[in-house]
Amino acid sequence: MTILISGKSGQLGHCLVDKLNNIDLNYISLGKRDMDITKFHETSMIIKEIKPTVIINAAAYTDVDQSEVDQKKALLVNESGPMNLSKICRQMDIPLIHISTDYVFDGKSSKPYTPEDNINPKSFYGISKLAGEQKIQENCNSYIIIRTSWLFSEYGNNFLKTILKIGKQKKGIDIISDQIGCPTYAGHLAEVILKSLQKIIDRNFDNGIYHYAGDSQCSWYQFAEEILSIAKSLGYLEKIPNMNEISAEEYSAKANRPNYSVLDSSKFCKVFNVSPSNWKESLPYVIKNAELA
């Protein structure tokens with residue numbers, strides 16, 4: 001078995017490599033410089049040379065606000081890239097595991113979103129990720145699309161690391177309190193993907209969309225409270241900064257985000273016999289190991 005990972009420099013790519021280094025599985029992890037998935041022929045040649053058993057696509061354009069400005073780039077990475085991979089996977093009969101987002105929903109629900117619920121993205125980032133999902137469904141004969149939410153880890157840029165930096169530098173901090181979601185530790189997502197591999201390689205599952213996210217919901221404000229509280233208890237912070245609840249409207253980001261994007265992970269967990277991400281339990285480890293610039 002050879003696992004090919006695209007997007008090695010992202011949060012999930014890093015976590016997958018960490019997990020794979022501790023188990024006896026062959027893998028090749030490639031970044032944009034090694035394999036630019038937006039270029040079909042180049043990507044096809046590389047994959048044909050590697051002959052992977054399965055491909056995990058963790059490559060994405062994830063800057064939600066910048067996607068509103070650089071729509072062409074967002075579409076290239078989030079739509080054309082997955083389309084190219086799905087066509088190559090069909091040609092070579094390789095299963096594709098692709099990561100998508102809770103931002104394909106509009107946030108008007110009052111109960112956790114299932115994979116079957118209506119999609120209606122509010123941001124161009126969400127539009128581009130949905131387009132990628134659709135291209136895979138149109139072009140791939142063996143695939144699983146995993147939507148996740150509020151991903152954080154010790155790697156890359158994410159909310160947790162931003163809050164830790166601000167907590168060290170400032171006495172006060174404004175946090176959005178009217179957007180609700182499920183934080184998900186990228187290490188847990190990596191773990192369940194690897195646990196699911198054999199079933200996916202054996203085609204012992206139904207093609208389609210699944211959700212995998214945190215086991216409990218919270219607002220960005222509540223997420224920040226948890227992060228700062230644990231950071232202080234670990235001695236990372238001397239004092240928790242004053243926290244001020246604000247609305248998403250007051251924050252006025254470039255991109256609209258769903259006010260409620262809690263994901264129901266039960267289908268994925270049942271099919272692959274895994275548990276949702278216990279994100280609170282992972283916080284001490286992530287804070288201790290966070291790479292802060």
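Check the entry above for the structure.
Treat the numbers as computed from the prediction; the structure is a model and nothing was measured.

Q: Tell me about the side chain of Ser100, and name the residues and values.
A: Mapped onto the elements, Ser100 comes out in strand β4 (residues 96–101). Looking at Ser100, its side chain comes within polar contact range of the side chain of Glu133, at 2.7 Å. The contact partners of Ser100, leaving out residues within four places of it in the chain, are Lys129, Glu133, Ile145, Ile146, Arg147 and Thr148.

Q: Describe the environment of Ala58, naming the residues involved and giving the relevant values.
A: Of note, Ala58 is situated in the loop between β3 (54–57) and α3 (64–69). Residue Ala58 is classed as buried on the basis of its relative accessible area, which comes to 17%. Along the backbone, Ala58 and Lys8 are 50 residues apart, and their C-alpha atoms lie at a distance of 7.4 Å. Once residues within four sequence positions are removed from consideration, Ala58 is found in contact with Ser6, Gly7, Leu12 and Gly13.

Q: I'd like a rundown of the packing of aromatic side chains, residues and numbers included.
A: Using the criterion set out here, one finds 15 aromatic pairs in the structure. Between Trp150 and Trp220 the ring centres are 3.5 Å apart and the planes differ by 10°, which places this aromatic pair in the stacked class. Here Trp150 is found in the loop between β5 (143–148) and β6 (151–152), whereas its partner Trp220 is found in helix α8 (residues 220–233), with 70 residues between them in sequence. Chaining the aromatic ring pairs together yields one cluster made of Trp150, Phe152, Phe159, Tyr185, Trp220, Phe223 and Trp279. Note that Lys168 overlies the ring of Tyr236, its terminal NZ or CZ placed 4.5 Å from the centroid. The positively charged end of Lys267 is found above the aromatic ring belonging to Tyr210, 4.4 Å away from the centroid.

Q: Lay out the environment of Asn158 in plain terms, naming residues and giving numbers.
A: The topology assignment puts Asn158 in the loop between β6 and α6 (159–169). Ignoring any residue separated from it by four or fewer positions in sequence, one finds Asn158 in contact with Gln11, Leu151, Phe152 and Ser153. A polar side-chain atom of Asn158 sits 3.0 Å from the main-chain carbonyl oxygen of Tyr155. A polar contact of 3.2 Å, which involves the side chain of Asn158, links it to the backbone nitrogen of Leu160.

Q: Give me the layout of surface pockets: which residues, what numbers.
A: As a volume, the second largest pocket reaches approximately 180 Å³. Lining the second largest pocket, in full, are Gly167, Lys168, Lys170, Lys171, Leu237, Glu238, Lys239, Ile240, Pro241 and Asn242. Within the lining of the second largest pocket, the residues separate by chemical class into three nonpolar, two polar and five charged.

Q: Describe the sheet that holds strand β1 (residues 2–6), and please don't skip the residues or the numbers.
A: Taken together, the six strands give an open sheet; going across it, the order is β2-β1-β3-β4-β5-β10, and neighbouring strands pair in parallel fashion. Each having just a single partner strand, β2 (26–30) and β10 (208–211) make up the two edges of the open sheet. Along the sheet, successive strands turn relative to each other by an average axial angle of 20°, direction set aside. Pairing between β3 and β4: three bridges, direction parallel. The partner of Asn57 across the bridge, within β4, is His98. Across the sheet, helix α4 (residues 71–92) touches β1, β3 and β4, and the angle it forms with β4 is around 160°.

Q: Requested: an account of the pairing of β2, with residues and values cited.
A: Two faces make up the sheet, and in a regular strand the side chains alternate between them. In terms of strand pairing, β1 meets β2 through five bridges, oriented parallel. Its bridge partner lying in β2, Ile5 is registered against Ser29. After leaving β1, the chain enters helix α1 (residues 11–20) and then returns to the sheet as β2, a path that is right-handed.

So, how was this worked out
Residues numbered from 1 in each chain as written. Predicted model: local features only at pLDDT ≥ 70, side-chain atom pairs only at ≥ 80, totals over all residues. Heavy atoms only, no water. Helix = DSSP H or I, 4+ residues; strand = E, 2+ residues; numbered from the N terminus. Polar contact = N/O pair within 3.5 Å; in protein donor to acceptor, adjacent residues only side chain to side chain. Contact = heavy atoms within 4.5 Å. Buried < 20%, exposed > 50% of the residue type's maximum accessible area, 1.4 Å probe, protein only. Phe/Tyr/Trp six-rings, centres within 6.5 Å; stacked < 30°, edge-to-face > 60°. Lys NZ or Arg CZ within 6 Å of the ring centre and 35° of its normal. 1 Å grid on protein atoms, 1.4 Å probe; cavity = no way out; pocket = protein on both sides within 12 Å on 5 of 7 lines; lining within 4 Å. Points joined across faces, edges and corners; volume = space filled by probe spheres on them. Nonpolar A, V, L, I, M, F, W, Y, C, P; charged D, E, K, R; others polar. Pairing = 2+ DSSP bridges. Axes fitted to C-alpha atoms, helices over the stretch in contact; angles between N-to-C directions. Right-handed = clockwise from strand over helix to strand, strands pointing away.

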